[in-house]
Amino acid sequence: MAQAMRPQSSISLFSTDGKPHPLQDTLLAVTLVLGAVAFVTAFFHNLHLLSSWTGLVGILTGAYGQFISATTRERFALIIGLGASAIGFFLGMAHGGLFGGVLG
């Protein structure tokens, strides 16, 4: 049990294993930003193009981030971004969709 009591010298916000994860951190940040944009714009009926496209891209980046994530903190934050992206995407689709009014 000696290894369980070793002190952590540096605590990072995104990695709990002490190693850098630049790709995972970038995907995490992109997913959170896209999720926030999709979620906020989904409540405005005339912004359905923005909310549906940002939600779709946020879902795709979040899914790939989940696939390659290495730590629990990354996975937790990615789920928050994925949820916001999904809500924004679905409400954007309900208000007019990806091409609503543009292609006919």
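Residues numbered from 1 in each chain as written. Predicted model: local features only at pLDDT ≥ 70, side-chain atom pairs only at ≥ 80, totals over all residues. Heavy atoms only, no water.

## A short note on the packing of helix α1 (residues 22-41) against helix α3 (residues 72-95)
Running from N to C, α1 and α3 point in directions that differ by 30°, and their axes come no closer than 7 Å. The angle between the axes of α1 and α3 places the two elements in the roughly parallel class. Remark: the crossing between α1 and α3 carries left-handed chirality. In this structure, α1 contributes Q24, D25, L27, L28, T31, L32, L34, G35, A38 and F39 to the contact, and α3 contributes E74, A77, L78, I80, G81, L82, A84, S85, I87 and G88. Taken together, the residues that form the contact of α1 with α3 break down as 12 nonpolar, 6 polar and 2 charged. (Axes fitted to C-alpha atoms, helices over the stretch in contact; angles between N-to-C directions. Helix = DSSP H or I, 4+ residues; strand = E, 2+ residues; numbered from the N terminus. Parallel < 35°, antiparallel > 145°, perpendicular 65-115°, else oblique. Left-handed = near helix turned anticlockwise from the far one by under 90°. Contact = heavy atoms within 4.5 Å. Nonpolar A, V, L, I, M, F, W, Y, C, P; charged D, E, K, R; others polar.)

## A look at a nonpolar patch on the surface
A cluster of nonpolar side chains, namely V33, V37, F39, V40, F43, F44, L47, L50 and I87, defines an oily patch on the protein surface of about 770 Å² accessible area. A total of 4 residues in the nonpolar patch trace back to one element, the largest contributor, which is α1. With respect to the helices and strands, F39 occurs in helix α1. (Patch = residues over 30% accessible without salt bridge, like charges linked within 9 Å, V, L, I, M, F, W, Y side chains within 5 Å. Areas by Shrake-Rupley, 256 points an atom, 1.4 Å probe, with all protein chains shown as cover. Salt bridge = Lys/Arg side-chain N within 4 Å of Asp/Glu carboxyl O.)

## Points about the packing of α1 against helix α2 (residues 48-68)
Close contact between α1 and α2 brings their axes to 8 Å; oriented N to C, the two are set at 155°. Comparing their axes, α2 and α1 come out roughly antiparallel. Judged by the sense of rotation from one axis to the other, the crossing of α1 with α2 is left-handed. Facing α1, whose interface residues are L23, Q24, L27, V30, T31, L34, V37, A38 and T41, α2 presents L50, S51, T54, G55, V57, G58, T61, G62, Y64, G65 and I68. Among the residues making up the contact of α1 with α2, the classes are represented as 10 nonpolar, 10 polar and no charged.

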